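Here is what each chain is made of, one letter per residue.
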Amino acid sequence: MNKYELVVVVNAMVEDDVRAAVIEKVKDLIARFGGKFSDIEEWGKKKLAYEIQKMNDGFYYFIHFDAEATVPAELEAQLRIMDNVLRYLCVKVEE
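Residues numbered from 1 in each chain as written. Predicted model: local features only at pLDDT ≥ 70, side-chain atom pairs only at ≥ 80, totals over all residues. Heavy atoms only, no water.

**Q** Looking at this structure, I do not really get helix α2 (residues 71–80). What am I missing?
**A** Every α-helix carries 3.6 residues per turn, so stepping three or four residues along brings you back to the same face. Every buried residue of α2 is listed here: V71, P72, L75 and L79. Taken down its axis, α2 places every buried residue within 90° of arc, on the same side. Exposed and facing more than 90 degrees away from the buried side of α2 are A73 and R80. (Buried < 20%, exposed > 50% of the residue type's maximum accessible area, 1.4 Å probe, protein only. Helix = DSSP H or I, 4+ residues; strand = E, 2+ residues; numbered from the N terminus. Arc of directions from axis to C-beta.)

Now the structure itself:
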């Protein structure tokens, strides 16, 4: 198992319960692909470096998880098509 960090930027224009549902779905995807979710940090609403889909702000979430090497590609394929996810980045943590 490798350690990964995932940053997800969620649309800041949606309600709190919709944002929570998006993050819950991400956690479910990690578990479904065989990963083990360990920690989540909510960084809150921040200004984006550049406009994305005519939006200037986004809610940032930082997620730590352990998984096999194939999981990030499968996870990114699902994140790419999720409605309220503006951007995401998954990186392997070097130990």
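**Q** Before we go on, may I ask you to explain the sheet that holds strand β2 (residues 36–52) in this structure?
**A** In sheet architecture, strand pairing relies on hydrogen bonds along the backbone and comes in two forms, parallel and antiparallel. Reading across from one edge, β2-β3-β1-β4 is the order of the four strands in this open sheet, with antiparallel pairing throughout. One side of each edge strand has no neighbouring strand; the edge strands of this open sheet are β2 and β4 (85–92). Recorded for the sheet is a direction-independent mean angle of 20° between the axes of neighbouring strands. Bridge analysis of β2 against strand β3 (residues 55–67) gives 11 bridges, and the strand direction is antiparallel. Residue pairing for β3: K46 is matched across the bridge by G58. Sheet strands touched by α2: β1 (2–11), β3 and β4. Its angle to β4, the strand with the most contacts, is close to 175°. (Pairing = 2+ DSSP bridges. Axes fitted to C-alpha atoms, helices over the stretch in contact; angles between N-to-C directions. Contact = heavy atoms within 4.5 Å.)

**Q** Looking at this structure, how should I read the side chain of R19?
**A** In this fold, R19 is placed in helix α1 (residues 16–32). Within the local environment of R19, its side chain forms a polar contact with the backbone oxygen of V14, the two atoms lying 2.8 Å apart. Setting aside residues no more than four positions away along its own chain, R19 makes contact with V10, N11, A12, V14, F59 and Y61. (Polar contact = N/O pair within 3.5 Å; in protein donor to acceptor, adjacent residues only side chain to side chain.)

**Q** Explain the pattern of salt bridges here, please?
**A** Between side chains of opposite charge, pairing is possible as soon as their charged atoms come close. Within the structure shown, the criterion is met by three salt bridges. For K3, the salt bridge identified is with D66, shortest N-O distance 3.7 Å. Placement of the pair is K3 in strand β1 and D66 in strand β3, with a sequence separation of 63 residues. Between E24 and K27 there is a salt bridge, and its shortest N-O distance comes to 3.5 Å. With E24 and K27 both in helix α1, this residue pair falls three residues apart, about one helical turn. Judged by its relative accessible area of 22%, K27 is partly exposed. (Salt bridge = Lys/Arg side-chain N within 4 Å of Asp/Glu carboxyl O.)

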